[in-house]
Amino acid sequence: MENHKPTFYEEVRGNGVSRRDFLKFCTTMAAFLGLEASGVAQIAKALQSKPRLPVIWFHFQECTCCSESFIRASHPIVANIVLDKISLDYQETLMAASGVQAEDAYKAVMAKYPGEYIVMVEGSIPTENEAYCCIGGRSALQILQEAVKNCKAVVAWGNCASAGCVQAASPNPTGAKPVHKVISGKPVINVQGCPPIADVMAGVVVHLLTFDRIPQLDGLNRPKAFYSRRVHDTCYRRANFDAGLFVESFDDEGAKRGYCLYKMGCKGPVTYNSCGIIKWNDSVSYPIQSGHPCIGCSEAGFWDNGPFYQHLPGVAGFGVETTADKIGVGLGVATAVGIAGHAIVTNIRKHKEIINEPAEGSKVETTKE
Amino acid sequence: MAERIVIDPITRIEGHLRVEIEVKDGKITDAYSAGTMVRGIETILKGRDPRDAWAFVGRVCGVCTSTHSLTSVRTVENALKISVPPNAELIRNLMANALYIQDHVVHFYQLHALDWVDVVSALKANPAEASKIAQSISSWPKSSVGYFTDIQKKFKSFVESGQLGIFANGYWGHKAYKLPPEVNLIAVAHYLEALEFQKEIVKVHTVFGGKNPHPNYLVGGVPCSINIEEANAVNAERLAFVGKLFEDAKTFVDQVYIPDLVAIAGFYKDWGAIGGGLSNYLAFGDFPSNGYNNPESFKMPRGAILGRDLSKIHEVKADDPEQIQEFVNNSWYEYSKGDKTGLHPWEGETKFNYTGPKPPYEHLDFTQKYSWVKTPRWKGHPMEVGPLSRMLVGYASGRADYKEVIDSTLKALDVPVTALFSTLGRTAARGLETKLVCGWALEFYQQLLANIKNGDTRTQNNEKWEPASWPKHAKGIGMVEAPRGALSHFIVIEDQKIANYQLVVPTTWNASPRDPQGQRSAYEESLIGTPVADSKIPLEVLRTIHSFDPCLACAVHLYDENGTHIHDLKTY
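Quick caveat: nothing in here was measured; it's all calculated off a predicted structure.

Counting its regular elements, chain A contains 15 helices and nine strands. Burial status across chain A gives 59% buried among its 369 residues. Residue pairs at least 24 apart in sequence account for 75% of intrachain contacts in chain A once pairs closer than 6 positions are excluded.

Structure (structure tokens):
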């Protein structure tokens with residue numbers, strides 16, 4: 001019994017999921033991962049032949065929004081698979097055992113599966129004084145550094161583990177640091193957002209299961225599949241931006257007609273995430289669609305990137321935007337703070353040209369690739 | 001000789017909680033509760049735009065997500081004297097209702113059930129018998145023999161894989177588990193169903209706040225606009241969606257949560273006499289039906305109960321410096337006037353003073369400071385906050401809806417009213433409250449539709465949006481009943497910036513260390529006398545601690561590394 005490791009596919013079938021639903025799941029995941037049709041077969045094959053992946057999920061300085069988002073994964077089968085089909089051997093929010101029995105669970109994984117298990121981290125690590133986050137009498141830093149020694153890879157969930165999030169905002173009183181700043185020698189995948197979108201979290205897990213390697217990452221170690229597009233470029237309200245149709249104050253006529261929230265402080269032009277594509281909670285909506293500007297929660301340092309309701313600088317420089325790609329290349333390696341001015345100036349250049357055209361409502365986006 | 005037992009981490013909660021107990025002759029004789037993580041969000045808020053505060057404090061907690069954001073916008077609006085339009089009040093109520101439903105259901109099934117339900121025992125169940133029981137207690141359609149057979153099969157193959165995941169090292173087979181295998185099987189099935197259900201009801205947040213967890217809020221109203229002639233706003237389709245989500249939620253609560261709660265409670269009536277703890281209960285009240293500034297209109301009444309005397313409701317005023325005070329004598333902070341002083345949040349100070357052991361450590365020294373949680377008191381009394389307090393205040397206030405659900409449940413279980421003062425009472429109160437909330441949500445929803453039909457689509461008051469319109473100095477208080485209990489925020493605004501921001505949070509009331517008089521707070525007090533069958537297996541401790549639904553990230557948020565006073569409000 002100990003050595004019997006059922007494959008992902010066996011698990012799913014055992015749970016009463018039909019082969020058809022299983023393939024549907026693979027198709028959905030392939031689409032989220034940006035794969036072509038052949039990728040579906042690859043996912044299906046991988047999930048049918050690979051054993052379950054042992055996972056240790058730590059909570060450090062955090063608010064548990066990542067765990068909460070994780071259990072919101074929208075495809076019905078995803079909730080089942082991700083909770084049961086990876087082997088989620090340590091997860092403080094969900095696990096039955098407490099105290100010594102809980103600690104034994106992750107120690108067993110480390111002993112039994114050296115080099116095979118994944119460490120997932122929710123929360124930042126305090127460095128000013130290790131006593132600022134202790135579990136079982138040991139510090140977050142001690143626990144993490146020991147656990148990653150023999151792991152296969154690290155997944156940093158959310159802005160806390162990826163960039164320190166709110167507790168690292170100025171003046172960062174606890175010296176909160178993201179995972180990649182306190183460990184070395186292991187690949188770290190930063191799954192950004194506060195929290196990350198549920199289906200993005202599921203997508204990253206499936207990528208690891210399917211391809212047995214980490215997804216392609218951008219300069220900030222975020223999976224390109226989900227973080228290579230600006231919210232601004234994928235926003236369904238973009239046409240209003242291009243047409244110069246803006247909300248001037250909350251709940252004004254423009255707001256009631258769904259105009260662009262740029263002037264209300266929208267950080268979509270400097271934010272890379274899938275909100276406009278995958279959207280939130282089963283694609284029900286996303287912040288802009290529900291009338292609030294993007295606050296940029298998938299970017300490092302977004303808490304200190306100006307007040308939320310102050311619009312980004314650079315409105316004056318209207319002109320033709322040459323290539324959106326160039327901005328993307330620059331952004332991949334820059335920090336969110338650094339890119340703010342550059343990105344917005346470039347994008348707003350296009351605005352002036354379009355604003356002079358009459359057919360405002362019917363204007364179709366014509367970004368050059 | 002008493003035996004000292006450490007339980008750390010306490011799992012199936014939010015945040016980092018350590019409990020140490022002393023056990024003598026199979027009973028807990030003493031208990032200590034410690035919060036072991038800090039972040040310092042209040043320090044970070046200083047100097048920022050008050051309109052941004054909701055987003056920062058929203059990140060205090062992602063489990064009771066949205067509740068701090070709601071408190072924050074109320075706090076800023078109170079300071080700046082902003083009234084929000086009726087639709088905004090209703091949408092905020094609906095979002096808070098959705099949170100209650102999601103949070104309480106997840107608490108019951110995902111966080112608490114495994115204390116009462118032996119999932120491994122479900123493998124021995126007779127699915128036909130389980131089906132019969134399920135159909136006898138509820139009309140929920142997922143109750144056929146085939147359904148329970150499939151669930152059992154699924155679970156069996158999971159267990160046989162040898163990789164037990166989140167169920168590994170659980171306390172399966174412990175003699176304190178009392179449910180028959182069939183009831184365990186029903187609970188396992190509903191554990192999985194609840195997981196599916198909870199991601200639906202939060203879509204109310206997604207419609208109005210754009211995402212969940214951490215939906216968006218706005219000072220002056222709500223960010224979403226209403227326009228029934230527009231695809232890009234809250235229109236008939238969006239409203240119909242919200243209506244359906246609440247209808248479905250009511251069905252789930254009435255047909256799954258409540259019947260399960262009553263069925264499971266029936267096997268654990270002895271827990272109606274265990275875990276009572278404190279005899280004082282505090283509720284700020286919430287869900288305004290006629291404006292937040294009119295507490296008489298609240299669906300949940302405000303008040304305090306002392307000494308379990310249900311004949312008297314004491315008036316609660318958060319701005320009265322004599323009522324709410326915080327102490328740090330056992331917390332890793334120090335006060336300039338000495339650690340035995342109590343300070344109202346308006347005059348509060350936070351001076352960091354970590355005196356605990358350097359990690360790794362085996363034990364905390366309870367003769368000294370031992371937690372990052374401060375100790376709040378109401379008129380000097382330790383108070384329990386949360387669903388039980390709210391239900392008691394509602395019951396003692398003579399509210400008909402409260403009396404009906406409480407009396408009928410006591411009758412169904414054939415237990416006296418004193419059974420409410422217990423671990424079981426706390427868990428039952430949470431379920432009964434969810435039932436009430438489902439009904440109120442549908443009322444608020446109908447009111448929202450009626451307003452729109454009558455031509456009122458306003459969702460935002462922009463009068464005081466611009467900082468130039470604000471006074472030079474302002475201070476405010478926001479009070480909310482969070483799912484876990486009475487929550488209050490305090491703000492001081494100076495020159496359009498946050499000069500001070502302070503939170504007094506439900507789990508701070510419940511999980512705090514002892515006060516200077518040596519009085520225990522709710523967690524510690526409730527553990528005294530609890531039987532412990534096997535001191536190596538802390539199942540009974542988890543039952544009582546989980547009955548409070550701990551949220552430690554909320555409780556611990558204060559901190560200033562340099563030891564400077566960050567909450568000196570004496571000049572106001």
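Looking only at helices and strands, chain B has 16 helices and twelve strands in total. Here chain B has a C-alpha radius of gyration of 23 Å; the compact-globule value for 572 residues is 25 Å, and the two agree. For chain B, the spread of C-alpha atoms along the principal axes amounts to about 70 × 65 × 50 Å. Out of the 572 residues in chain B, the part that is buried amounts to 63%. Taking contacts inside chain B between residues at least 6 apart in sequence as the whole, the part at least 24 apart equals 75%.

Our focus in this paragraph is the confidence of the model for chain A. The predicted coordinates should not be examined in detail at positions where pLDDT is low. For chain A, mean pLDDT is 81; residues scoring 70 or higher make up 70% of the total. Confidence drops under a pLDDT of 50 for residues 315-369 of chain A, and excluding neighbours within four residues, the segment shows 82 contacts in the predicted structure.

For the rest of this paragraph, the subject is the domain arrangement of chain A. Residues and elements named next belong to chain A. Once the domains are mapped, chain A shows domain 1 (8-227) and domain 2 (238-355). Taken together, the elements giving at least two residues each to the side of domain 1 that touches domain 2 come down to α8 (158-163), α10 (198-211) and α11 (224-227). Taken together, the residues of the side of domain 1 that touches domain 2 sort by class into ten nonpolar, six polar and three charged.

In this section: the sheet that holds strand β2 (residues 17-24) of chain B. Residues and elements named next belong to chain B. On the basis of which strands lie adjacent, the open sheet formed by three strands has the order β1-β2-β3 and antiparallel pairing. The sheet is open, and its two edges are formed by β1 (3-7) and β3 (27-35), each paired on a single side. Taken over all neighbouring pairs, the strand axes of this sheet differ in orientation by 20° on average, direction set aside.

This part takes up the confidence of the model for chain B. For chain B, the average pLDDT comes to 94, and 97% of its residues sit at 70 or higher. The low-confidence segment residues 558-572 of chain B, where pLDDT is below 50, has 44 contacts with residues more than four positions distant or belonging to other chains.

Residue and element names in this part refer to chain B. For Ile 406, the position within the fold is in helix α11 (residues 400-413). Since 21 C-beta atoms lie within 10 Å of it, Ile 406 is described here as buried. With 26 residues separating them in the primary sequence, Ile 406 and Leu 432 have C-alpha atoms 7.3 Å apart. Those residues in contact with Ile 406 that sit more than four places away from it in its chain are Met 391, Tyr 395 and Leu 432.

Bringing helix α7 (residues 140-148) of chain A into the picture now. If you check which residues of α7 of chain A are buried, you get Ala 140, Ile 143, Leu 144, Ala 147 and Val 148 of chain A. Burial along α7 of chain A is one-sided: seen end-on, the buried residues are contained in an arc of 115°.

Let us look at the pairing of strand β9 (residues 188-191) of chain A. Consecutive side chains along a regular strand alternate between the two faces of the sheet. Residue and element names in this part refer to chain A. Judged by which residues are buried, β9 turns out to be covered on both faces: Val 188 and Asn 190 on one side and Ile 189 and Val 191 on the other are all buried. Alignment of strand β7 (residues 153-157) against β9, held across four bridges, turns out to be parallel. In the sheet register, Val 155 faces β9, and the bridge partner there is Ile 189.

Residue and element names in this part refer to chain B. Read across the sheet, three strands follow the order β10-β11-β12 without closing on themselves; strand pairing throughout is antiparallel. What marks the edges here is a single partner per strand, and that holds for β10 (473-482) and β12 (497-504). Taken over all neighbouring pairs, the strand axes of this sheet differ in orientation by 15° on average, direction set aside. Summarising the sheet, β10 and strand β11 (residues 485-494) pair through ten bridges and their orientation is antiparallel. Of the residues in β11, the one forming a bridge with His 473 is Glu 494. In this fold helix α3 (residues 67-80) packs onto β10 and β11, with an angle of close to 145° to the strand it touches most, β10.

Our focus in this paragraph is the pairing of strand β3 (residues 118-122) of chain A. Residue and element names in this part refer to chain A. Buried residues dominate β3, accounting for five of its five residues. Pairing of strand β1 (residues 54-59) with β3 involves five bridges; the strand directions are parallel. Bridging across to β3, Trp 57 finds its partner in Met 120. Summarising the sheet, β3 and β7 pair through five bridges and their orientation is parallel. Across the sheet, Ile 118 pairs through a bridge with Ala 153, a residue of β7.

Moving on, we get to the interface of chain A and chain B. Frequently, the measure chosen for interface size is the accessible area that the parts lose on association. Each partner contributes to the interface: chain A provides 83 residues, whereas chain B provides 86 residues. Of all the secondary-structure elements, those providing two or more residues to the side of chain A that touches chain B are α4 (65-70), α5 (76-85), β2 (87-91), α6 (99-112), β5 (134-135), β6 (138-139) and α13 (253-256) of chain A. Taken together, the residues of the side of chain A that touches chain B break down into 36 nonpolar, 30 polar and 17 charged.

This paragraph deals with the environment of Gly 243 of chain B. Residues and elements named next belong to chain B. Positionally, Gly 243 belongs in helix α9 (residues 236-267). Judged by local crowding, Gly 243 falls into the partly exposed class, with 16 C-beta atoms found within 10 Å. Once the C-alpha coordinates of Gly 243 and Tyr 445 are considered, the two residues, 202 residues apart in sequence, prove to be 7.0 Å apart.

When two helices pack together, their arrangement is given by the angle between their axes and by how far apart the axes lie. Residue and element names in this part refer to chain B. Two numbers describe how α11 lies on helix α12 (residues 423-453): the axes approach to 10 Å, and their chain directions differ by 135°. As summarised for this structure, α11 and α12 are arranged oblique, according to the angle between their axes. The handedness of the crossing between α11 and α12 comes out as right-handed. Taking contact as the criterion, the partners of Asp 401, Val 405, Ile 406 and Thr 409 in α11 are, on α12, Ala 428, Leu 432, Lys 435 and Leu 436. Within the contact of α11 with α12, the residues separate by chemical class into five nonpolar, one polar and two charged.

Residues and elements named next belong to chain B. For the pair helix α6 (residues 145-160) and helix α7 (residues 181-201), interaxial distance at closest approach is 10 Å and the crossing angle is 80°. Overall, the two elements α6 and α7 adopt an arrangement that is roughly perpendicular. Two secondary-structure elements touch here, α6 through Phe 148, Ile 151, Gln 152 and Phe 155 and α7 through Leu 185, Val 188 and Ala 189. When grouped by side-chain class, the residues that make up the contact of α6 with α7 number six nonpolar, one polar and no charged.

Before going further, it helps to examine α11 of chain B. All names here are of chain B. Taking 1.5 Å as the rise per residue, α11 with 14 residues should run 20 Å; its terminal C-alpha atoms sit 20 Å apart, in good agreement. Every buried residue of α11 is accounted for by Tyr 402, Val 405, Ile 406 and Thr 409. One face of α11 carries all of its buried residues, which in axial projection span an arc of 90°. What points out from α11, more than 90 degrees from its buried face, is the exposed set Ala 400, Glu 404, Asp 407, Ser 408 and Lys 411. Residues of α11 that are buried make contact with α9, α10 (387-396) and α12. Following α11 by one or two positions, Asp 414 adopts a phi angle in the positive range, close to 55°.

The next thing to look at is unusual backbone geometry. The linkage connecting Ser 170 of chain A with the following residue, Pro 171 of chain A, adopts the cis geometry, with an omega of 5°. Structurally, Pro 171 of chain A is set in the loop between α8 and β8 (176-177). In this structure, the amide linkage connecting Asp 8 of chain B to the following residue, Pro 9 of chain B, adopts the cis form with an omega of 5°. Structurally, the position occupied by Pro 9 of chain B is in the loop between β1 and β2. The phi angle at Asp 25 of chain B is positive, at roughly 50°, despite the residue not being glycine. Relative to the helices and strands, Asp 25 of chain B is located in the loop between β2 and β3.

Tracing the sequence through the fold places Gln 145 of chain A in helix α7. On a C-alpha basis, the gap between Gln 145 of chain A and Val 182 of chain A in space is 7.9 Å, while along the polypeptide they are 37 residues apart.

So, how was this worked out
Residues numbered from 1 in each chain as written. Chains lettered and ligands numbered in written order. Predicted model: local features only at pLDDT ≥ 70, side-chain atom pairs only at ≥ 80, totals over all residues. Helix = DSSP H or I, 4+ residues; strand = E, 2+ residues; numbered from the N terminus. Buried ≥ 20, exposed ≤ 12 C-beta atoms within 10 Å, placed from the backbone. Contact = placed C-beta atoms within 7 Å. Rg over C-alpha atoms; globule rule 2.2 N^0.38 Å. pLDDT = per-residue confidence, 0-100. Domains from an automatic or database assignment. Nonpolar A, V, L, I, M, F, W, Y, C, P; charged D, E, K, R; others polar. Pairing = 2+ DSSP bridges. Axes fitted to C-alpha atoms, helices over the stretch in contact; angles between N-to-C directions. Arc of directions from axis to C-beta. Parallel < 35°, antiparallel > 145°, perpendicular 65-115°, else oblique. Left-handed = near helix turned anticlockwise from the far one by under 90°. Expected span 1.5 Å × (residues − 1).

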